[in-house]
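# A structural walkthrough
Take a look at the letters that make up each chain.
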Amino acid sequence: MPELPEVEVVRRGLARWVAHRTVADAQVLHPRAVRRHVAGPDDFAHRLEGHRIGTPSRRGKYLWLPLEDTDQAVLAHLGMSGQLLVQPHEAPAEKHLRIRVRFADTLGTELRFVDQRTFGGLSLHETSPDGLPDVIAHIARDPLDPLFDDEAFHLALRRKRTTIKRALLDQSLISGVGNIYADEALWRARLHYERPTATLTRPRTTELLGHARDVMNAALAVGGTSFDSLYVNVNGESGYFDRTLDAYGREGMPCRRCATPIRRRPWMNRSSYFCPKCQRPPRITP
Ligand SMILES: [Zn+2]
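Worth saying up front: this structure is predicted, and the values here are computed from it rather than measured.

### Remarks on helix H2 (residues 41-48)
Inspection of H2 places Phe44, Ala45 and Leu48 among the buried residues, and these make up the whole buried set. Seen from one end, H2 has its buried residues packed into an arc of 95°, which puts them on one side. Across from the buried face of H2, at angles greater than 90 degrees, the exposed residues are Asp42 and His46. Structurally, H2 contributes buried residues whose contacts are with strand S1 (23-28), strand S3 (62-67), strand S4 (72-77), strand S6 (97-103) and strand S8 (121-126). The first or second residue beyond H2 is Gly50, which carries a positive phi of 85°.

Below, the structure written as structure tokens:
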């Protein structure tokens, strides 16, 4: 699954290549790609036609294209393999091309949604007064959002009977921190993933948020340079994951701080990677 930095790279690509263009027509080539649009493929296509795309927006891992002068937005679900590509008209159709959006201008490019596994898709939604598609109105701000409230987050952690990694992945508390960035931020903060959130002091919360921002910004800095073409690709490996990860995916490899082998533990149908020396398990459980 793409995480926040990858989605932000896609958003920037869309902002550059499709914002403020008027939709001429949309073709749904596979109904599964619009299955979240309850009224069906024809309705989806019809509703897009003639509307200008606004500034692409993101909250956490959610990405949407507002339709200007309406209270509607196209929400993109990238799923496991979804890609939003901006391609020249004449480029051959991709094998897994699901939706094609053409524009009423002479720029010569179109927007394509390509998805091999069809877990992703596009759907149209009403927007709330603050511009969010209604189905994601409950999603909290992400830590890169200038309006993210560190103090409110800390107080929420203190109130909750949960553990820190669960809290980091709780989209109603903080969005956009996926499994990889959670493990990385916890390693940097020397916090075990099962640390009860009620035990975190304000400085510890501040430090953890700082690390979460750092790892995401580092990934953005790498990925953000790779979209300087027409090709907007969420699966294009930014190179960040190979080079810079300290914990995630490093089972058995030496901790970069203390050389103790990194451990992997099953965690909520996923894995948690941590250094058993730097990130001591909590003595109490919530
Ligand atoms: Zn260590």
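### Here's the deal with the coordination of the zinc ion
The coordination sphere of the zinc ion contains the protein donors Cys255 (SG), Cys258 (SG), Cys275 (SG) and Cys278 (SG), at a distance range of 2.2 to 2.3 Å. One can describe the donor arrangement at the zinc ion as tetrahedral, given that its four donor atoms subtend angles of 99 to 114° at the metal. Look at where the donors of the zinc ion fall in the sequence and you get C-x2-C-x16-C-x2-C. Note that Cys258 is positioned in the loop between helix H7 (240-244) and strand S9 (263-267) and Cys278 in the segment after strand S10 (270-274), a separation of 20 residues in sequence.

Conventions we followed
- Residues numbered from 1 in each chain as written.
- Predicted model: local features only at pLDDT ≥ 70, side-chain atom pairs only at ≥ 80, totals over all residues.
- Heavy atoms only, no water.
- Buried < 20%, exposed > 50% of the residue type's maximum accessible area, 1.4 Å probe, protein only.
- Helix = DSSP H or I, 4+ residues; strand = E, 2+ residues; numbered from the N terminus.
- Arc of directions from axis to C-beta.
- Contact = heavy atoms within 4.5 Å.
- Donors = N, O, S within 2.8 Å, 3.2 Å for Na, K, Ca; no water.
- Tetrahedral: all angles 85-135°; square planar, octahedral: opposite > 155°, others 65-115°.

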